[in-house]
Amino acid sequence: MHQTGNSIRLLTGNSHPKLAEAVAARLGIALTPCHVSKFLSLETSVQIHSSVRDEDVFILQSPSPPDINDHLMELLIMISACKTASAKRITAVIPCYPYARQDKKDKSRAPITAKLVANLLAVAGADHVITMDLHASQIQGFFDIPVDNLFSEPSMMGFIKAEIPDWKNGIIVSPDAGGAKRATALADRLNLDFALINRKRRRDLSASAAIPTVPPTPAGSDSGSQHGDEDERAMEKMELLVGDVKGKVAILIDDMIDTGHTVRLAAGVLKEAGAKEVYALISHGLLSETTMENLKDLPVKKLIVTNSIDQSDRMQATDGRMEVIDIAPVLAESIRRTHNGESISALFRQTYI
């Protein structure tokens, strides 16, 4: 019998229904019926076909290319619909936080859009946010409501141990200084060495015209600001700054891949330094269509991403070069613990695969 006010209600929009179904199955519940569509005018329409009055509502939505803005609008309208339907608590479960790379004012008149998204979620009526591997941890400070930032690290550990041969002869590599903390944490838990790659841009290279250059990184590159000045990207190279990768299995760790430029440069440096093989483990595989066309040429043995974004079409296009880590168990357990008032931090003392 239905117990009002004491059950989990899981809803989803059009961004990643497969992940929502997997999470629901893991929780042993059915998805709350919800129809999200567009009118002819392209306005978003939401209809929730079951009562959520006094219930603990979780809305799983992972805005992703090419419909990030539509998916975000769906999420906001679904939150608002549940709020006006008298839901007891509304938690937005956003595996891949949209606009996360626009987290600071990196040039004159630039917006801090990650903060704007935080404001929109709060104004729509969200009481709590669950996300994963935020590009910048300070985004949690943009909210006045609780934010749980989950980590894919336990799942990545399980994958490395199960799927990468000779991983004990491996070395964890960060492609830039910004990801060093994430990479060193994983290296420590696996008892492996750590390496850091340093990216030199135009202003660093101006004193040495003899240094080889690479083509400019397109706007929206994998790491750092999404809107770096084109002049700063006009000359760029990478060099191994810390660590010895010769004869080792290099495991490249980063939070997102979009154009593939960072991974391509970093993998090339590792190969030149004598790495036996290179694997790239990325939390969020944004991967535009242009990237997919060139993915087969990436100098990595495997590209491994989580399913925070639906990778079904991309998997078919890579001829086995890409593998996916399922984060449904981690999301389901975080939802269960949130509902029951249990600790979320205990998640990261276990490995979910």
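Named according to an unreviewed UniProt entry, the chain is ribose-phosphate diphosphokinase originating from Papiliotrema laurentii. According to UniProt, the comment filed for the chain under the heading Sequence similarities (unreviewed entry) is "Belongs to the ribose-phosphate pyrophosphokinase family."

**Q** Residues and numbers for the confidence of the model for the chain, please.
**A** Of all residues in the chain, 86% attain a pLDDT of 70 or more, and the chain-wide mean is 86. Contacts for the low-pLDDT stretch residues 207-221, under 50 throughout, to residues beyond four places or in other chains number 30 contacts. Within the model, the stretch residues 227-234 combines pLDDT values under 50 with 22 contacts to residues more than four positions away or in other chains.

**Q** I'd love a proper account of the sheet that holds strand β1 (residues 8-12), names of residues and values included.
**A** Spatial ordering of the open sheet is given by β1-β4-β5-β6-β7, a layout of 5 strands whose pairing is parallel. Each edge of the open sheet is held by one strand with a lone partner, namely β1 and β7 (147-150). Sheet twist, expressed as the average angle between the axes of neighbouring strands with direction ignored, equals 20°. Taken together, the 4 bridges between strand β6 (residues 128-132) and β7 define a ladder with parallel strand orientation. By the bridge assignment for β7, M132 is matched with L150. Across the face of the sheet, helix α11 (residues 328-340) comes into contact with β1, β4 (56-60), β5 (89-94), β6 and β7 while running at roughly 160° to β4.

**Q** Could you give an account of the side chain of T131, with specific residues and numbers?
**A** Looking at the element boundaries, T131 is found in strand β6. Of the polar contacts made by the side chain of T131, one reaches the backbone oxygen of I94; its length is 2.7 Å. Residues within four places of T131 in sequence aside, it is in contact with I94, P95, Y97, V147, D148, N149 and L150.

**Q** Before we move on, could you go through the nonpolar core and cite the residues and values that matter?
**A** If you look at the biggest cluster of nonpolar residues, it comprises 32 residues, and the most contacted ones within it are I59, I79, Y97, L121, V129, I139 and F143. Breaking this core down by element, the ones donating at least two residues are β4, α2 (68-84), β5 and α3 (113-124). Setting aside its immediate chain neighbours within four residues, I139 contacts Y97, A100, D103, A114 and L134. In this structure, A195, V245, A250 and A275 belong to the second largest nonpolar core, which totals 26 residues.

**Q** How would you explain the packing of α2 against α3 if you had to name every residue and give the values?
**A** Packing of α2 against α3 brings their axes to within 8 Å, and their N-to-C directions diverge by 25°. As far as their axial angle goes, α3 and α2 are roughly parallel. Residue-level contacts link L72, L75, L76, I79, S80 and K83 of α2 to V117, L120, L121 and A124 of α3. Broken down by class, the residue content of the contact of α2 with α3 amounts to 8 nonpolar, 1 polar and 1 charged.

**Q** So what about the environment of N340? Which residues, and what values?
**A** With respect to the element layout, N340 can be found in helix α11. In this structure N340 comes out as partly exposed when scored by relative accessible area, which is 41%. Note: C-alpha distance between N340 and I8 (332 residues apart in sequence) is 9.9 Å.

**Q** Break down empty space enclosed by the protein for me, citing the residues and quoting the values.
**A** By the definition in use, this model includes 1 cavity of 30 Å³ or more. For the largest cavity, the calculated volume is near 30 Å³. Around the largest cavity sit C96, Y97, A100, M132, D133, L134, H135, M256 and H284, which together line it. Classifying every residue of the lining of the largest cavity gives 6 nonpolar, 2 polar and 1 charged.

What counts as what
- Just so you know, the residues in each chain are numbered from 1, in the order the chain's sequence is written.
- Selection of residues for local features in this predicted model requires a pLDDT of at least 70, selection of side-chain atom pairs for listing and counting requires 80 or more, and totals for whole chains, interfaces and linings are taken over all residues.
- To get the side-chain values, all heavy atoms of the structure are used, and hydrogens and water are removed first.
- UniProt positions are given in the numbering used here, feature names are shortened, and annotations may be inferred rather than shown by experiment.
- Every residue is assigned a pLDDT by the predictor, reflecting its confidence on a scale from 0 to 100.
- Should any heavy atoms of two residues lie within 4.5 Å, those residues are considered in contact.
- Here, a strand pair is defined by DSSP locating no fewer than two bridges between the strands.
- Numbering of helices and strands runs from the N terminus, with a helix taken as a DSSP run of H or I at least four residues long and a strand as a DSSP run of E at least two residues long.
- Here an axis means a line fitted to C-alpha atoms, over the contact stretch when the element is a helix, while the angle between two N-to-C directions is reported on a 0 to 180 degree scale.
- A 3.5 Å cut-off defines polar contacts: any pair of N or O atoms within that distance qualifies, except that in protein one atom must be a possible hydrogen donor and the other a possible acceptor, and neighbouring residues in sequence count only when both atoms are side-chain atoms.
- Put simply, buried Ala, Val, Leu, Ile, Met, Phe, Trp, Tyr and Cys residues joined by side-chain atoms within 4.5 Å make one nonpolar core.
- In this scheme, a residue with accessible area under 20% of its type's maximum is buried, one over 50% is exposed, and one in between is partly exposed, where area comes from a 1.4 Å probe on protein chains only.
- For classification, angles of less than 35 degrees are called roughly parallel, those exceeding 145 degrees roughly antiparallel, those between 65 and 115 degrees roughly perpendicular, and all remaining angles oblique.
- By the convention adopted, Pro, Cys, Tyr, Trp, Phe, Met, Ile, Leu, Val and Ala count as nonpolar, Lys, Arg, Asp and Glu as charged, and the other residues, Gly among them, as polar.
- The rule is simple: put a 1 Å grid over the protein atoms alone, call a set of points where a 1.4 Å probe fits but cannot get out a cavity, call an open set with protein on both sides within 12 Å along at least five of seven lines a pocket, and count a residue as lining if it has an atom within 4 Å of a point.
- Grid points are joined across faces, edges and corners, and a volume is the space filled by probe spheres set on the points.

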